[in-house]
Amino acid sequence: MERLTPVHQRAPGRWQVGTISAVRAETPRVKSFRIDLPMWMPHLPGQHYDVRLTAPDGYQAQRSYSVASSPLDKGTIELTIDRLEEGEVSTYFHDVVVEGDQVELRGPFASYFVWRGQSPVLLIGGGSGVVPLMAMLRHRRRTMPDLPMRLIYSVRNADDVIYAGELGHETVVTYSRSAPPGWGGHTGRIDAAMVAEAAPEGATTFICGSNAFVEAASRLAMDAGADPSQILTERFGPTG
């Protein structure tokens, strides 16, 4: 019987200094950062790392970011960061950090919002809420590509699509504000019909996005027949 590649979870390590090995622009305001870690350990898809910046005067700012990469990427992780205008950490990453720079971080931190190989799976993401879901999707593609997993991804417009080059046949995208020219797919907010069509029977559902998005998507999932005990949610706030 096929099984997922096991990930042996351990306690998060202490603070360490990672090196930025690659920077990739995903959208006009979102970038992905590949970080090489000297004390790397495998994470579970859905987990996050804390990042800490320290100013010359000793002032520190700390934020948590979901890991976007598969735990099969040994020695490195990928963090995808949305630039927030008032964000202390996200603006530093977007405006200052380049390949070769070093950053302080620790993790991975456990959460109930992790994919442990459940099947089938429905993923519902809004905006940058797709990041931990992409870790799940990437890991599934590399370990059990036949495992039923669908992603519903809601974005405002074409400039907001993160990982545009990786969204495959298992992904349903809907543009809530304006669709690109010639688009023949879904538009508007995620609705009950969209969830019911994508949701495999008996699926574990992972939902990530803003508070309002998670509340609305959770109701739609339950309306589509999802077991409330099998709906896992992760919410992101305005800090950055």
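Residues numbered from 1 in each chain as written. Predicted model: local features only at pLDDT ≥ 70, side-chain atom pairs only at ≥ 80, totals over all residues. Heavy atoms only, no water.

1. Things to note about the packing of aromatic side chains
Next, step 1: Under the criterion given, the structure shown has four aromatic pairs.
Next, step 2: Taken together, a centroid distance of 6.4 Å and an interplanar angle of 85° make the contact between Y92 and F93 edge-to-face.
Next, step 3: Looking at F93, the relative accessible area reads 0%, which means it is buried.
Next, step 4: Look at F113 and F206: their rings are 5.4 Å apart centre to centre, the planes differ by 80°, and that puts the pair in the edge-to-face class. With F113 in the loop between β6 (102–109) and β7 (121–126) and F206 in strand β11 (residues 204–209), the pair connects residues that are 93 residues apart, well separated along the chain. Residues F113 and F206 agree in their burial class; the two are buried. (Phe/Tyr/Trp six-rings, centres within 6.5 Å; stacked < 30°, edge-to-face > 60°. Buried < 20%, exposed > 50% of the residue type's maximum accessible area, 1.4 Å probe, protein only. Helix = DSSP H or I, 4+ residues; strand = E, 2+ residues; numbered from the N terminus.)

2. Looking at the pairing of strand β9 (residues 171–175)
Next, step 1: Burial analysis of β9 places five of its five residues in the buried class, the great majority of the element.
Next, step 2: Going residue by residue along β9, you find T171, V173 and Y175 tucked away on one face and V172 and T174 tucked away on the opposite face as well.
Next, step 3: Relative to β9, strand β8 (residues 149–155) is paired through five bridges, and the arrangement is parallel. Counted as the bridge partner of V155 is Y175 from β9.
Next, step 4: Summarising the sheet, β9 and strand β10 (residues 186–187) pair through two bridges and their orientation is parallel. Across the sheet, residue T174 finds its bridge partner in β10, namely H186. (Pairing = 2+ DSSP bridges.)

3. Section: the pairing of strand β4 (residues 60–66)
Next, step 1: When strand β3 (residues 48–54) meets β4, the two strands line up antiparallel, connected through seven bridges. Bridge pairing links D50 to S64 in β4.
Next, step 2: Linking β3 back to β4 in an antiparallel pair, the connection comprises five residues, with G58 at a positive phi of about 95°.

4. What about the environment of Y163?
Next, step 1: For Y163, the location among the structural elements is in the loop between β8 and β9.
Next, step 2: Among residues more than four places away in sequence, those in contact with Y163 are R24, E26, S32, A68, E78, T80, V130, V131, M134 and R138. (Contact = heavy atoms within 4.5 Å.)

5. With respect to the side chain of T174
Next, step 1: Structurally, the position occupied by T174 is in strand β9.
Next, step 2: Its relative accessible area of 0% is what places T174 among the buried residues.
Next, step 3: Among the polar contacts made by the side chain of T174, one reaches the main-chain amide nitrogen of T187 at a distance of 3.5 Å.
Next, step 4: In this structure the side chain of T174 is engaged in a polar contact, spanning 2.7 Å, whose partner is the backbone oxygen of G188. (Polar contact = N/O pair within 3.5 Å; in protein donor to acceptor, adjacent residues only side chain to side chain.)

6. Things to note about the nonpolar core
Next, step 1: With 26 residues, the main nonpolar core has L123, M136, M149, Y153 and F206 as its most contacted residues.
Next, step 2: At the level of elements, β7, α2 (130–143), β8, β9 and β11 are the ones that each hand at least two residues to this core.
Next, step 3: Broken down by element, this core gets its largest block of residues, six residues, from α2.
Next, step 4: Non-local contacts of M136, meaning those with residues more than four positions away in its chain, are made with P45, G46, F113, W115, L123, M149 and F206. (Core = buried A, V, L, I, M, F, W, Y, C linked by side-chain atoms within 4.5 Å.)

7. So, the sheet that holds β11
Next, step 1: Here six strands make up an open sheet; going across it, the order is β10-β9-β8-β7-β11-β12 and the pairing parallel. Bordering the open sheet on either side are β10 and β12 (231–235), each of which pairs with just one other strand.
Next, step 2: Pairing between β11 and β12: five bridges, direction parallel. By the bridge assignment for β12, I207 is matched with T233.
Next, step 3: Where α2 meets the sheet, its contacts fall on β7, β8, β9 and β11, and the angle it forms with β8 comes to roughly 150°.
Next, step 4: Against the sheet, helix α4 (residues 211–223) touches β7, β8, β11 and β12, its axis set at about 160° to β11. (Axes fitted to C-alpha atoms, helices over the stretch in contact; angles between N-to-C directions.)

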